[in-house]
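If you want the building blocks of each chain, they are given just below.
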Amino acid sequence: MKTPDKEPSLQAPILPCTLVVETLNAGGTVKKSTTYKQIKLILGRNEFRDLILRIDSPKHSLKFSLRDFVLHKRFLKEGKATIVLKDANVNLMIANAPPNQLLVFMKTLAGKHSVTEEYETVRKNGGKVPLKERAANVPDASPVSSKRKRDSKDTSGSSTPKVPRFLNPLVLTSEQKRVLQVVHSGQNVFFTGSAGTGKSFLLKRIVGALPPDVTFVTASTGVAACQIGGTTLHAFAGIGSGKASVDQCIQLASRRVIAQQWKKCKHLVVDEVSMVDGDFFTKLETVGRAVRGNDKPFGGIQLILCGDFLQLPPVTRPGEKRVFCFQTPAWDRCINLSMELTDVRRQDDQEFIDILQSIRLGRCNEEMVERLKQTEKNTVERDGIKATRLCTHREDVNHINQEHLKKLAGDTQVFQAVDSDPGLSSLLDSQTPVVAKLTLKVGAQVMLMKNLDVGQGLVNGARGVVTGFKMGKEGNPVVRFLCGVTTEIKHEKWTVKGTGGIYLHRRQLPLKLAWAFSIHKSQGMTLDCAEMSLSRVFEAGQAYVALSRARNLKSIRVLDFGPECVRAHPDVLKFYQGLRRARYEEQQSIMQYL
């Protein structure tokens, strides 16, 4: 006897989720509501080739015929969707589904339904495609093509779902696939890699593959957390700065709302873990075990950690000893596997890649120094777009931007952010990449702070110049970008998850002044053209972070460069040597069996 998952009539995506089945009366009100937790939805056809949806679990096995239905897909990113069975007066409300799997499931459902409709139309017309269907399509396209095109314009939140912007169509590398497999196996994993190896891309794919209700996405900084749709690690933990004693931290985390978060969490994602202080990490591990009442490492929570310890380290006060996470006993207890991505995607210049890899490890020979000094003569400006000066200190950034803005002729245009809670604007300032008050003029150098259209080059970090404003002086800015696109920039929304599960929103133009930018804030970005003076570098890894923002040697101008700018922390170097030794031994072990 075949198992349900292998039945020929039900070969389709399988979706793990929670499902609420609402039965409605003739008036449209809910007559009965039943919740099925930890079930699987299986899509397929019965012996009559009718499209069916089956609920499968150890305790339940139900089937629904899918003839006349509507899809509501507005909250796909949160792992939620609704299938309205119009002919049966039933709502199937999906929740806590891995977002990426949910998207594939819904697209498959919509596609199969369209094929069924096409088949029925052709059958009713004696095997002929209606003339109006043929005329609306391009040659060799099926009648479904035009229908899908029309549906994609729908903004009502129902009908056939179009692919949302959050799902990146790029294919995972073999290295990235292996990390994803380890995550699915339930192991605690730390994955790392040099700048441009796709750590952030992979992290988003991992988050999309986990059930949202029990997955908490965090980062060491607010801006990094915002980029992956999460919150800060401190906000999740609920123990303030973490400077208090362990007993006090446990008391703080035992508050009802905070404790509920800890107990609900099954998967904890932490981005930019290199900037998490080792002592703070140790306290978190102890708090996790205490609050959850579970003596397993981190209280039994699966850890998915991402970052590069050879980039920016934890912030410490003068005279304070720096402790990295990997130097703590808690790290040794918790992390089952450490993996390193090595396939660089950001840079397209092999010479530059080789230089960056050496600088990342704190090495820079005379030939490399000379090659970087030669970039001082580069002309990276084009079409009125000037190079962004990357600075080591934030006060330098503010001063340079304001001075250049003052020098521009013409009137200023002020764009004020709209915050969901004005009383928490300071929190949104620290956790979103845009400012509350943006002042622009024609000629202002700006940087895009959000992916708007990856295909056209309108990505986070794209450089441009303001060429005018819509509606004379009162409308949105029009920006000419280095990628060749000139477009009106409209307001975008950023969402920040606060303590206790509340969500804060900020609507603002996705722009920042870009005559200057801080190295710290540039982490994770790809810059079109940059200029940097590294003589004031004060931190290990800082020169590497700055240089690795560029795609190639032609797009940067390096000033005041010398080998003394290049530094890597000796403890971090030892850690990475250990990772590579372990990887080499693993490869040798595999080779013995080939």
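Residues numbered from 1 in each chain as written. Predicted model: local features only at pLDDT ≥ 70, side-chain atom pairs only at ≥ 80, totals over all residues. Heavy atoms only, no water.

> Would you mind going over the overall build of the protein chain with me for this structure?
Looking only at helices and strands, the protein chain has 18 helices and 27 strands in total. Across the 594 residues that make up the protein chain, the buried fraction comes to 49%. Only carbon and sulfur atoms are counted for the fraction: they give 51% of the accessible area of the protein chain, which is about 29,300 Å². (Helix = DSSP H or I, 4+ residues; strand = E, 2+ residues; numbered from the N terminus. Buried < 20%, exposed > 50% of the residue type's maximum accessible area, 1.4 Å probe, protein only. Areas by Shrake-Rupley, 256 points an atom, 1.4 Å probe, with all protein chains shown as cover.)

> What should I look at first to understand the sheet that holds strand 7 (residues 90-95) in this one?
Sheets are built from strands paired through backbone hydrogen bonds, the pairs being either parallel or antiparallel. Pairing is antiparallel in the open sheet, where seven strands are placed in the order 4-3-2-1-7-6-5. Looking at strand neighbours, the two that pair on one side only are strand 4 (61-65) and strand 5 (69-72), the edges of this open sheet. Each strand axis lies, on average, 30 degrees off the axis of its neighbour in the sheet, ignoring direction. Pairing of strand 6 (residues 81-85) with strand 7, which is carried by five bridges, proceeds in the antiparallel orientation. In the strand pairing of strand 7, I83 is matched with L92. (Pairing = 2+ DSSP bridges. Axes fitted to C-alpha atoms, helices over the stretch in contact; angles between N-to-C directions.)

> Whenever I open this one, unusual backbone geometry confuses me. Can you help?
Trans peptide bonds make up the majority, and among non-glycine residues the majority have a negative phi. Although it is not a glycine, N96 adopts a positive phi angle of roughly 55 degrees. Along the chain, the position of N96 falls in the loop between strand 7 and helix 1 (99-124). A positive phi is found at E272, a non-glycine position, where the angle reads about 50 degrees. When you line up the elements, E272 lands in the loop between strand 11 (267-271) and helix 10 (278-292). By relative accessible area, E272 is classed as buried at 15%.

> Just to check I follow, could you spell out the packing of aromatic side chains for this structure?
One pass over the full model with this rule turns up 17 aromatic pairs. When the centroid spacing of 5.3 Å and the interplanar angle of 50 degrees are considered together, the rings of F216 and F236 count as tilted. Remark: F236 occurs in helix 7 (residues 233-237) and F216 occurs in strand 9 (residues 215-219); sequence separation between them is 20 residues. Here F216 matches F236 in class, with each residue buried. Ring-pair connections join several aromatic residues into one group, and the members of that group are F190, F216, F236, W262, F281, F298, F309, F324, F326, W331, F575 and Y576. Taking NZ or CZ as reference, R360 lies 5.2 Å from the ring centre of Y576, over its face. Cation over ring: K450 sits above W494, and NZ or CZ is 4.6 Å from the ring centre. (Phe/Tyr/Trp six-rings, centres within 6.5 Å; stacked < 30°, edge-to-face > 60°. Lys NZ or Arg CZ within 6 Å of the ring centre and 35° of its normal.)

> I would appreciate a short explanation of the confidence of the model for the protein chain in the present structure.
The predicted structure's coordinates, where accompanied by low pLDDT, should not be read in detail. Chain-level statistics for the protein chain give a pLDDT mean of 83 and a share of 86% at 70 or above. Predicted confidence for residues 1-11 stays below pLDDT 50, and this span has 17 contacts to residues more than four positions away or in other chains. Across residues 132-169 the pLDDT falls below 50, and counting only partners more than four positions away or on other chains, this stretch makes 53 contacts in the model. (pLDDT = per-residue confidence, 0-100. Contact = heavy atoms within 4.5 Å.)

> Quick question: what am I supposed to make of the pairing of strand 5 here?
For a regular strand, side chains alternate in direction, first toward one face of the sheet and then toward the other. By the alternation rule, side chains of strand 5 split into F69 and L71, which are all buried, and V70 and H72, of which none is buried. Bridge count between strand 5 and strand 6: four bridges; the pairing is antiparallel. Across the sheet, H72 pairs through a bridge with T82, a residue of strand 6.

> Looking at this structure, how should I read the sheet that holds strand 16 (residues 418-419)?
Spatial ordering of the open sheet is given by 16-23-22, a layout of three strands whose pairing is antiparallel. Here the strands that pair on one side only, and so sit at the sheet edges, are strand 16 and strand 22 (492-497). The pairing of strand 16 with strand 23 (residues 503-508) spans two bridges and is classified as antiparallel. Bridge pairing in strand 23 links V418 to R507.

> What exactly am I supposed to notice about the environment of H404 here?
Within the fold, H404 resides in helix 14 (residues 394-407). Along the sequence, H404 and G443 sit 39 residues apart, while their C-alpha atoms lie 10.0 Å from each other.

> Please clarify how helix 10 should be interpreted in this entry.
Because an α-helix completes one turn every 3.6 residues, residues spaced three or four positions apart along the sequence face the same direction. A rise of 1.5 Å per residue sets the reference length of helix 10, with its 15 residues, at 21 Å; its end C-alpha atoms lie 21 Å apart and thus fit the reference within 8%. Taken residue by residue, helix 10 has G278, F280, F281, K283, L284, E285, V287, G288 and V291 as its buried positions. Looking at the buried side of helix 10, the elements it contacts are helix 7, helix 8 (246-253), helix 9 (256-264), strand 12 (302-306) and helix 11 (329-334). At the N-terminal end of helix 10, a side-chain oxygen is found 3.0 Å from the backbone nitrogen of D279, two or three residues along, and the residue is D277. With its phi angle positive at about 65 degrees, G293 sits one or two positions after the end of helix 10. (Expected span 1.5 Å × (residues − 1). Polar contact = N/O pair within 3.5 Å; in protein donor to acceptor, adjacent residues only side chain to side chain.)

> What exactly am I supposed to notice about the nonpolar core here?
Most often, soluble globular proteins have nonpolar side chains that are buried together. Counting 40 residues, the largest nonpolar core has W262, L268, F309 and W331 as its most contacted members. The set of elements that each furnish at least two residues to this core consists of helix 7, helix 8, helix 9, strand 11, helix 10, strand 12, helix 11 and helix 18 (570-592). Among the elements that take part in this core, helix 10 stands out by supplying five residues, more than any other. Once residues lying within four places of it in the same chain are set aside, the contact partners of W331 are F190, F281, L305, F309, C325, F326 and F575. (Core = buried A, V, L, I, M, F, W, Y, C linked by side-chain atoms within 4.5 Å.)

> Looking at this structure, I do not really get the side chain of S548. What am I missing?
Structurally, the position occupied by S548 is in the loop between helix 17 (542-547) and strand 27 (556-559). Here S548 falls in the buried class, since its relative accessible area comes to 0%. Among the polar contacts listed, one links the side chain of S548 to the backbone oxygen of Y544, at a separation of 2.8 Å. At 3.1 Å, the side chain of S548 forms a polar contact with the backbone oxygen of V545. If sequence neighbours within four positions are ignored, S548 has contacts with A195, R346, Q347 and L356.

> Teacher, can you tell me more about the pairing of strand 14 (residues 388-391) here?
Where strand 14 meets strand 26 (residues 530-533), three bridges bridge the pair, whose relative direction is parallel. Each bridged residue has a counterpart across the sheet, and for R389 the counterpart in strand 26 is E531. The pairing of strand 14 with strand 25 (residues 516-518) spans three bridges and is parallel. By the bridge assignment for strand 25, L390 is matched with F517.

> Explanation requested: the packing of helix 9 against helix 10 in the structure shown.
The geometry of a pair of packed helices is captured by two quantities: the angle between their axes and the separation between those axes. Remark: helix 9 packs on helix 10, axes separated minimally by 9 Å, with the N-to-C direction vectors making an angle of 95 degrees. On the basis of the axis angle, helix 9 is roughly perpendicular to helix 10. Contact residues: helix 9 offers A259, W262 and K263, while helix 10 offers L284, V287, G288, V291 and R292. Here the residues of the contact of helix 9 with helix 10 sort into five nonpolar, one polar and two charged. (Parallel < 35°, antiparallel > 145°, perpendicular 65-115°, else oblique. Nonpolar A, V, L, I, M, F, W, Y, C, P; charged D, E, K, R; others polar.)

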